[in-house]
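# Inside the fold
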Amino acid sequence: MKAVKNIIVGFIVSFVGSLPLGYLNIIGVEVLSKLGINSLVSYLLGVIVVEAVVVYFTVIFSNQLAENKKLMKSIDFFAVFFLLLIAFAFYTYSNQTTQEHNFLEDYIQYSPFLIGMVLCGLNFLQIPFWMGWNLYLMNAKYITLSKKLKFHYILGTLLGTFSGMLSVIVLLDSLSQKILDYSKIIIPIVIPLFFIGLACFQARKVYKKYLKKTIR
């Protein structure tokens, strides 16, 4: 049961995290439109190979941090600000547009798989993203990362990233510009509000766990 829960939670987190219109998705649209679906799949596989390494090492480090009980109390408080930061990051990141074209020209001579690996490797923001999420999910007991269970969580994150990016890229490639403009309004609102809601839930939990007794 814990293994299934790890897969589902990892899938949801990475699926939502792949939705904003970042450069990985923008280049993915160009790969699909110019090279076809097979090249897009190869590109996405390159992305998740690098992500697998990143998630694995952030999970290992998060496990070590979780053993420090005093530190976990600080992380409880930090999680509120982390979720608000993620909401802000998604809001600003999702407002990026595709006004600039031909992103793929700089990389077209390489294989799509290699392009995906290189561009994902240059995305350094994914390290604090996964560190924050891993610690939050562990501390909230949404996931269990002991022994082999961490690999179920990693599997879920990879499936979520692949499915999320594939869905967004295919959708963006097929939608008309008018509907695309509409989606650029919805995504920066709905996703940040989701994380703001999580931040409020976390703040309430921190208040009940640490502050309520102190105030009384």
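Before reading on, note that the structure itself is shown above.
Throughout what follows, the structure given in this document is the object of discussion. (Residues numbered from 1 in each chain as written. Predicted model: local features only at pLDDT ≥ 70, side-chain atom pairs only at ≥ 80, totals over all residues. Heavy atoms only, no water.)

Per the secondary structure count, the protein includes eight helices and zero strands. Its helices and strands taken in sequence order, the protein reads α-α-α-α-α-α-α-α from the N to the C terminus. When each of the 216 residues of the protein is scored for burial, the buried share is 43%. Within the protein, residue pairs in contact and separated by at least 24 positions form 88% of the contacts whose partners lie at least 6 positions apart. For the protein, the accessible area works out to roughly 12,000 Å², and carbon and sulfur atoms hold 70% of it. (Helix = DSSP H or I, 4+ residues; strand = E, 2+ residues; numbered from the N terminus. Buried < 20%, exposed > 50% of the residue type's maximum accessible area, 1.4 Å probe, protein only. Contact = heavy atoms within 4.5 Å. Areas by Shrake-Rupley, 256 points an atom, 1.4 Å probe, with all protein chains shown as cover.)

What follows concerns the packing of helix 2 (residues 23–35) against helix 7 (residues 149–174). At a minimum axis distance of 9 Å, the contact between helix 2 and helix 7 shows a crossing angle of 60°. One element, helix 2, and the other, helix 7, form an angle in the oblique class. Crossing handedness for the pair helix 2 and helix 7: right-handed. Taken together, the residues of helix 7 that come into contact with helix 2 (itself represented by Leu24, Asn25, Gly28, Val29, Leu32 and Ser33) are Met165, Val168, Ile169, Val170, Leu172 and Asp173. Its residues assigned to classes, the contact of helix 2 with helix 7 comprises eight nonpolar, three polar and one charged. (Axes fitted to C-alpha atoms, helices over the stretch in contact; angles between N-to-C directions. Parallel < 35°, antiparallel > 145°, perpendicular 65-115°, else oblique. Left-handed = near helix turned anticlockwise from the far one by under 90°. Nonpolar A, V, L, I, M, F, W, Y, C, P; charged D, E, K, R; others polar.)

Let's shift gears to the side chain of Thr161. Mapped onto the fold, Thr161 is located in helix 7. A distance of 2.5 Å separates polar atoms of two side chains, one belonging to Thr161 and the other to Glu51. In this structure Thr161 touches Ser14, Phe15, Ser18, Ile48 and Glu51, once residues within four positions along its chain are discounted. (Polar contact = N/O pair within 3.5 Å; in protein donor to acceptor, adjacent residues only side chain to side chain.)

On to the side chain of Asn134, then. When you line up the elements, Asn134 lands in helix 6 (residues 126–139). By relative accessible area, which is 0% here, Asn134 ends up buried. Aside from chain neighbours lying at most four places away, what touches Asn134 is Val55, Thr58, Val59, Ser62, Ile143 and Tyr153.

Core analysis: the biggest nonpolar cluster contains 40 residues, and Tyr43, Trp130, Trp133, Leu137 and Tyr153 have the highest contact counts within it. For this core, the elements supplying multiple residues, two or more each, are helix 1 (2–17), helix 2, helix 3 (37–66), helix 4 (69–94), helix 5 (112–121), helix 6, helix 7 and helix 8 (177–215). Residue contributions to this core peak at nine residues, all from helix 3. When neighbours within four sequence positions are excluded, Leu137 is seen to be in contact with Val9, Val13, Tyr142, Ile143 and Tyr153. (Core = buried A, V, L, I, M, F, W, Y, C linked by side-chain atoms within 4.5 Å.)

Attention shifts here to the packing of aromatic side chains. Across all of its chains, the model carries five aromatic pairs by this definition. With centroids separated by 5.7 Å and ring planes inclined at 70°, the aromatic side chains of Trp133 and Tyr136 adopt a geometry described as edge-to-face. Here the residue Trp133 and the residue Tyr136 both occupy positions in helix 6, the gap between them amounting to three residues, near one helical turn. For Tyr136, a relative accessible area of 3% gives the class buried. Look at Tyr136 and Tyr142: their rings are 6.2 Å apart centre to centre, the planes differ by 50°, and that puts the pair in the tilted class. Using a relative accessible area of 30% as the deciding quantity, one classes Tyr142 as partly exposed. An aromatic cluster of at least three residues, connected via ring pairs, comprises Tyr56, Phe57 and Phe151. (Phe/Tyr/Trp six-rings, centres within 6.5 Å; stacked < 30°, edge-to-face > 60°.)

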